[in-house]
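Chains, contacts and geometry: an overview
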Amino acid sequence: MVVIGLTPTHDFKNEHANMPWGYMISVIRAGALPVILPMLPEDQANYGDFLKRCLELVDGFVFTGGSDVAPQHYNEEQHPRCGEVVPTRDKMDLALMKMALDSGKPLLCICRGVQVLNVAAGGTLYQDLGSQYPGSMQHGKSNSEEIHSVKIEHGSMLHEIVGKDTLMVSSCHHQAVKAPAPGMKVTAVAEDGVIEAVEFEDGRPVLGVQWHPENLTATNPGHLAQFQWLVGEAGKRARRPRV
Ligand code: MN
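The structure reproduced in this document is the subject of the present report.

Procedures and definitions
- Residues numbered from 1 in each chain as written.
- Predicted model: local features only at pLDDT ≥ 70, side-chain atom pairs only at ≥ 80, totals over all residues.
- Heavy atoms only, no water.
- Helix = DSSP H or I, 4+ residues; strand = E, 2+ residues; numbered from the N terminus.
- Rg over C-alpha atoms; globule rule 2.2 N^0.38 Å.
- Buried < 20%, exposed > 50% of the residue type's maximum accessible area, 1.4 Å probe, protein only.
- Contact = heavy atoms within 4.5 Å.
- Areas by Shrake-Rupley, 256 points an atom, 1.4 Å probe, with all protein chains shown as cover.
- Lys, Arg positive; Asp, Glu negative; His and termini not counted.
- Charge placed at Lys NZ, Arg CZ, Asp CG, Glu CD.
- Expected span 1.5 Å × (residues − 1).
- Salt bridge = Lys/Arg side-chain N within 4 Å of Asp/Glu carboxyl O.
- Donors = N, O, S within 2.8 Å, 3.2 Å for Na, K, Ca; no water.
- Disulfide = S-S within 2.5 Å.
- Axes fitted to C-alpha atoms, helices over the stretch in contact; angles between N-to-C directions.
- Parallel < 35°, antiparallel > 145°, perpendicular 65-115°, else oblique.
- Left-handed = near helix turned anticlockwise from the far one by under 90°.
- Nonpolar A, V, L, I, M, F, W, Y, C, P; charged D, E, K, R; others polar.

Further remarks concern the overall build of the chain. A count of helical and extended segments in the chain gives seven helices and 15 strands. Compactness check: the chain gives a C-alpha radius of gyration of 17 Å against a globular reference of 18 Å for 243 residues, within 12% of the reference. When its C-alpha atoms are laid out on the principal axes, the chain stretches across 50 × 40 × 35 Å. Across the 243 residues that make up the chain, the buried fraction comes to 55%. Sequence-distant contacts in the chain: of pairs separated by 6 or more residues, those separated by 24 or more amount to 69%. Total accessible area on the chain is roughly 10600 Å²; 52% of this is exposed by carbon and sulfur atoms. Charge-centre separation for the chain: the mean point of 21 positive side chains lies 6 Å from the mean point of 28 negative side chains.

Helix length check: helix H3 (residues 87–103) (17 residues) gives 24 Å between terminal C-alpha atoms against 24 Å at 1.5 Å per residue, within 8%. Looking only at H3, the buried set comprises Thr-88, Arg-89, Asp-90, Met-92, Asp-93, Leu-94, Leu-96, Met-97, Ala-100 and Leu-101. Looking one or two places after H3, you find Gly-104, whose phi comes out positive at around 80 degrees.

In this structure the tally under the stated criterion is eight salt bridges. The salt bridge involving Arg-112 is made with Asp-93; its shortest N-O contact spans 2.9 Å. With a gap of 19 residues between them, Arg-112 in helix H4 (residues 112–120) and Asp-93 in helix H3 connect regions that are remote in the sequence. Taken as a pair, Arg-112 and Asp-93 share a single burial class, namely buried. Bridged by salt links that share partners, the residues Arg-89, Asp-90, Asp-93 and Arg-112 form one connected network.

It is worth spelling out the coordination of the manganese ion at this point. Those protein atoms acting as donors to the manganese ion are His-139 (ND1), His-148 (NE2), Ser-171 (OG), His-173 (NE2) and Glu-196 (OE), and they sit at 2.3 Å. The sequence motif formed by the donor residues of the manganese ion is H-x8-H-x22-S-x1-H-x22-E. Here His-148 is found in strand S9 (residues 148–152), whereas its partner Ser-171 is found in strand S11 (residues 171–172), with 23 residues between them in sequence.

This next bit is on the state of the cysteines. Under the criterion given, the structure shown has zero disulfides. Here Cys-54 is not cross-linked by a disulfide; its sulfur's nearest cysteine counterpart is in Cys-109, at 16 Å. With no disulfide partner, Cys-82 has as its closest neighbouring cysteine sulfur the one in Cys-111, 13 Å distant. Exposure remark for Cys-82: the relative accessible area of 10% places this residue in the buried category.

Positive phi, normally seen in glycine, also occurs at Asn-75, with a value near 60 degrees. Within the secondary structure, Asn-75 sits in the loop between strand S5 (60–63) and H3. The phi dihedral of Cys-111 is positive, around 55 degrees, even though this residue is not glycine. Structurally, Cys-111 is set in the loop between strand S6 (107–110) and H4. Among the residues examined, Cys-111 registers a relative accessible area of 5% and is labelled buried.

Turning our attention to the packing of H3 against H4. The axes of two packed helices give the description: the angle between them and the distance between them. Their axes nearest at 9 Å, the elements H3 and H4 cross at an angle of 65 degrees. As summarised for this structure, H3 and H4 are arranged roughly perpendicular, according to the angle between their axes. Note on packing geometry: the crossing formed by H3 with H4 is right-handed. Of the residues in H4, those in contact with Arg-89, Asp-90, Asp-93, Leu-94, Met-97, Lys-98 and Leu-101 of H3 are Arg-112, Gly-113, Val-116, Leu-117, Val-119 and Ala-120. Residue composition of the contact of H3 with H4, grouped by class: seven nonpolar, one polar and five charged.

The structure is reproduced here in structure tokens:
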């Protein structure tokens, strides 16, 4: 069976590992086994070895949603409206993303995940759409309801996956991709032009989406299709024998 690693979210205040249910159930609906990776302490000995083992364990990844990426990682001063940043998670997500990109394993990068993807690959973010993107609509509304539509680029991987020119998406973000990383192209935008999805020009199996498909996989086939794509790509590359 294909194994999909979920990057950890962590409730540092209460010292609880936690994972929104939508990520797990959507991977299961797509026919794979989700595995929640552990949050590594920043001072963990053999940090890189732990990450390497995480990489070996899984056939693909979902980079999950969460807090803002610290702007120092894309060489910007922190804007007053930038949200809370979590250095422990930034360190793990950025290091694991770089290793995952090098590995060629398929990645579905959701909300914070697409932001981590873009930063790890050398791009930048809007730290706060409301104050830095004139004319932007309210994007911080809901991670589980269809809030606005996105227009999908013809010829993109995303278009092939979703099979439609437009898709209704949830919207629970106040940041977004500003300058896409070198080698990356924009594959969906909201009605106000905000970048909602990216992929690489070289066609590698990496999909970044600003919305939350995991909460709409029961009701909208276009969102389930994103997980089915991830699991399908992971299955093509899985080295371990199927059980
Ligand atoms: Mn949005």
